[in-house]
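A structural walkthrough
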Amino acid sequence: MTPAVSTVAEPYMAAANAAAASFAALEARLDYLGAADIELVRKAYRFADAAHLGQMRGNGEPYITHPIAVAAQCAEWKLDVQALMAALLHDTLEDCGVTKSGLLEQFGLQVAELVDGLTKLDKLQFDTREENQAESFRKMLLAMARDVRVILIKLADRTHNMRTMGDMPRGKWGRISTETLEIYAPIAHRLGLNQTYRELQDLAFRHLKPWRYAVLTKAVSRARQRRRDLIQKVQQQVQAALDDAGLQARIIGREKTLYSIYRKMNDKRLSFAQVNDLYGMRVILPDTIGCYTALGLLHQLYKPVPGHFKDYIAIPKINGYQSLHTTLAGPAGANIEFQIRTESMDLVAEAGVAAHWLYKVNKTGGQADAELGTQWLQSLLDIQHETRDAAEFWEHIRVDLAPDAVYVFTPKGQIMALPRGATTVDFAYAIHSNVGDHAIAAKVNGEQVPLRTELHNGDVVEIVTAAVSSPNPAWLGFVRTGRARSRIRHHLKNLAQDESRELGEKLLAQALRAEGLGQPPGKEPSDHSIWDKLVRFTGSRSRDDMLSHIGLGKRSASMVAKRMVTLLAAEGIKPDALLLTRERYTAHENLSQGAVILDGADNVSVKFATCCRPIPGDDVVGYLGRGEGLVVHVEDCSVARRLQHKDAERFVTVAWADEPVRAFEAGIVVTVTNGKGVLARVASAIAGAEADIVYLNMTEGGAQDALDLRFILTVRDRAHLDAVLRALRRTHSVLRAVRALPAA
Ligand code: MN
């Protein structure tokens, strides 16, 4: 939509000066409030005045002139008493030693929250040149403001700061003006505050490009002098033509803002003389048919400029904007741009998201365009008072302005948009998959936090990585983004494949020893053909694929080993008879060289059976489940026995490492006579024996008053478990304490 104004005059400097004076200047604008409310505003003024005592603005005036000016702007918008109080207090929290709870005590929760919200927005600084960052930043601001009044006061604050920018060091002009142009002016526009929007744009332009601004100002005013009569004439002719046709039309003259002229010259590389659509008119009609009729009449009246006609009624812009655009060659070679649309289309164009709601109100009232901004704001505030509707309405606007996202910063000030509920891990993966894969810790706003920490709007997030670190399966429990989820899954899948391949290699070596081969064929060229034949024999895609199938139990290691022996024999390599004998005789020796060593390190392809829960010191066997890897059982576990009976092929030799790297879980059953404090005594006996309780379940025991307590404990090994059981048997009221094993 083309930004437009009715004049480029500067009414704002006068307002700024008036506000600078004192509370009297503000009070004069409060006639819409009751006496009690004015007294509250005065109280806030006294408090702010005391808090800012001794502070000066850049121009040497007392600091309090700034909050007064901000409040005066809010009063112009007819904001409510709490908003005015918050406007006066808006700079007290940061550097005046005032606390939020102090404000709460003095002025109540609402005012304290408004000031707190403003202080948070103040801390944000937009300092990146990337264009799509600006949109995210705007959305973040809106999302952070839980109350629309926060945004309105912030806009008033920014407006006054821009008006008094001349008092600020020149070094700050660029950043603040850019921020105003890219962030605050569009927000004002979006909220329907069109005058503020234009003022912010012009002030920012003036301070960003002072020289160009001056030149352009002169050029525009000269052009306006020359064209004034002409424009009036055109407007009269158009009005007459539409009246004759019986169309009820409202015509509004428009003039481009300096900034939009500058932008056009800049974007299209035009000189001022080449910008020939300085003037525009808007024609508002009752209905769509009227719009097209008016267009036809205008094209008869003046010659249309080719290539300038656009039908946004038939094909609306993405943001819902609808209008007919055409440029006509007026008298004396002046081009005039026309926008033709209905009242409701005009409302959408001017008030954006609020239009649908506004239109309902406007239909009955029919106020003039100029009043709409203030009127809308007031209605918005009225609605905010009626709590339920208020929350809903602002929520509705915010959903539209800032969708379901949180906006956070990288340490370098880049903005990232993440879905609501996203954690530091999601952030890490959004930066780069390598950052996610190696994340070990996170800092939010400079403080160390757990990786599962949920992020909030405006957080500055830093990820600490370590090359050796890798994704933790537990992350899947809290990540929100599909990207993080799929990367973690991908990593785990690779990990499982690596581990099952390693296990497969061990199992194959073990099976080969049982066939009398001390060493599987290695990497010699002559060995390749053996492996290739085995891969074909097993129908695998590759050697790794074959080995991981063995590790997962999808393929029998001994079958592959037997085939290999056959293949080797064909090449004249015979099994070692001596080794063969020794292996056969030591098959039950735990430390047989071919055994899979259990060290308890986290390994997805080795699991410990939950029926018997083996611990170091137990005699164990390994069952290679179909597709589930190796499951370790206690040797005389009844479940394992049954499996051995029908599936002996799938059992492999396993052995405990000398020093397992972690504690193991074991099940015990403790039978007690029920009574006061029994459970506490049992638990303290377990703790006294240095075992941890992982799980407890209670059932009625066989005898009367007897209770079976089933525990899962973590213990170091068999000796440790025996010590725990002995300690329990010595405990008062314990009738029996035994290890839990599946029934035979
Ligand atoms: Mn301020």
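In this text, all values refer to a predicted model and were calculated from it rather than measured experimentally.

Criteria and cut-off values
Residues numbered from 1 in each chain as written. Predicted model: local features only at pLDDT ≥ 70, side-chain atom pairs only at ≥ 80, totals over all residues. Heavy atoms only, no water. Pairing = 2+ DSSP bridges. Helix = DSSP H or I, 4+ residues; strand = E, 2+ residues; numbered from the N terminus. Axes fitted to C-alpha atoms, helices over the stretch in contact; angles between N-to-C directions. Contact = heavy atoms within 4.5 Å. Donors = N, O, S within 2.8 Å, 3.2 Å for Na, K, Ca; no water. Buried < 20%, exposed > 50% of the residue type's maximum accessible area, 1.4 Å probe, protein only. Phe/Tyr/Trp six-rings, centres within 6.5 Å; stacked < 30°, edge-to-face > 60°. Lys NZ or Arg CZ within 6 Å of the ring centre and 35° of its normal. pLDDT = per-residue confidence, 0-100. Salt bridge = Lys/Arg side-chain N within 4 Å of Asp/Glu carboxyl O.

**Focus on the sheet that holds strand β10 (residues 447–449)**
- One open sheet accounts for 3 strands, arranged β10-β9-β11; its pairing is antiparallel. Of all the strands in the sheet, the pair left with one neighbour each is β10 and β11 (461–465). Taking each pair of neighbouring strands and ignoring which way they run, the sheet shows an average axis angle of 35 degrees.
- Summarising the sheet, strand β9 (residues 439–444) and β11 pair through 5 bridges and their orientation is antiparallel. By the bridge assignment, A442 is partnered in β11 with I463.
- Across the face of the sheet, helix α20 (residues 424–431) comes into contact with β9, β10 and β11 while running at roughly 80 degrees to β11.

**Points about the coordination of the manganese ion**
- Protein-derived coordination of the manganese ion comes from H66 (NE2), H90 (NE2), D91 (OD) and D157 (OD), at a distance range of 2.2 to 2.5 Å.
- One chain supplies every donor for the manganese ion, spaced along it as H-x23-H-D-x65-D. Separated by 66 residues along the polypeptide, D91 in the loop between α5 (81–89) and α6 (92–95) and D157 in helix α10 (residues 148–163) bring together distant segments of the chain.
- A relative accessible area of 13% places D91 in the buried class.
- Classification of D157 as buried rests on a relative accessible area of 5%.

**With respect to the packing of aromatic side chains**
- Tallied over the entire structure, the rule returns 10 aromatic pairs.
- Between F608 and W656, the aromatic rings sit 5.8 Å apart at their centres with planes inclined by 5 degrees, giving stacked as the arrangement. Pair noted here: F608 is in strand β13 (residues 606–608) and W656 is in strand β17 (residues 654–656), with a separation of 48 residues, a long-range link.
- Directly above the aromatic system of Y63 lies the positively charged group of R57, at a separation of 5.6 Å from the ring centroid.
- Positioned over the ring face of F664 is R662, at 4.5 Å from the centre of the ring.

**Considering the environment of L88**
- By the secondary structure assignment, L88 is in helix α5.
- Exposure remark for L88: the relative accessible area of 0% places this residue in the buried category.
- Residues L88 and K43 lie 45 residues apart in sequence; the distance between their C-alpha atoms is 9.9 Å.

**Here's the deal with the confidence of the model for the protein**
- Confidence in the prediction for the protein averages 80 pLDDT; 81% of positions are at 70 or higher.
- Ignoring residues within four places in sequence, the model shows residues 353–374, a span with pLDDT below 50, making 32 contacts including any to other chains.
- Contacts for the low-pLDDT stretch residues 584–593, under 50 throughout, to residues beyond four places or in other chains number 12 contacts.

**Observations concerning the sheet that holds strand β19 (residues 692–700)**
- In space, the 4 strands of this open sheet follow the order β19-β20-β18-β21, with antiparallel pairing throughout. What marks the edges here is a single partner per strand, and that holds for β19 and β21 (734–739). Neighbour-to-neighbour, the strand axes of this sheet turn through a mean angle of 20 degrees, independent of strand direction.
- Pairing of strand β18 (residues 664–673) with β21 involves 5 bridges; the strand directions are antiparallel. Of the residues in β21, the one forming a bridge with I668 is R739.
- Strands in contact with helix α28 (residues 678–688) are β18, β19, β20 (706–715) and β21; relative to β20, the strand with the most contacts, it is inclined by about 25 degrees.
- The strands touched by helix α29 (residues 718–729) within the sheet are β18, β20 and β21, with β21 carrying the most contacts at an inclination of about 170 degrees.

**Some words on the pairing of strand β8 (residues 415–419)**
- Two elements, strand β7 (residues 405–409) and β8, share 5 bridges in a ladder whose sense is antiparallel. When the sheet's bridge partners are listed, V406 is paired in β8 with L418.
- Between β7 and β8, which follow one another and run antiparallel, lie 5 residues, and G413 among them has a positive phi close to 90 degrees.

**Re the pattern of salt bridges**
- Scanning the model with the defined rule gives 21 salt bridges in all.
- A salt bridge links E39 to R42; its shortest N-O distance comes to 3.4 Å. Taken together, the positions of E39 and R42, both in helix α3 (residues 35–51) and 3 residues apart, correspond to about one turn of that helix.
- Put simply, R718 and D618 hold a salt bridge, and the shortest N to O gap is 2.7 Å. Taken together, the residues R718 in helix α29 and D618 in the loop between β13 and β14 (620–625) connect sequence positions 100 residues apart.
- Here the salt bridges do not stand alone but share partners, grouping E27, E39 and R42 into one network.

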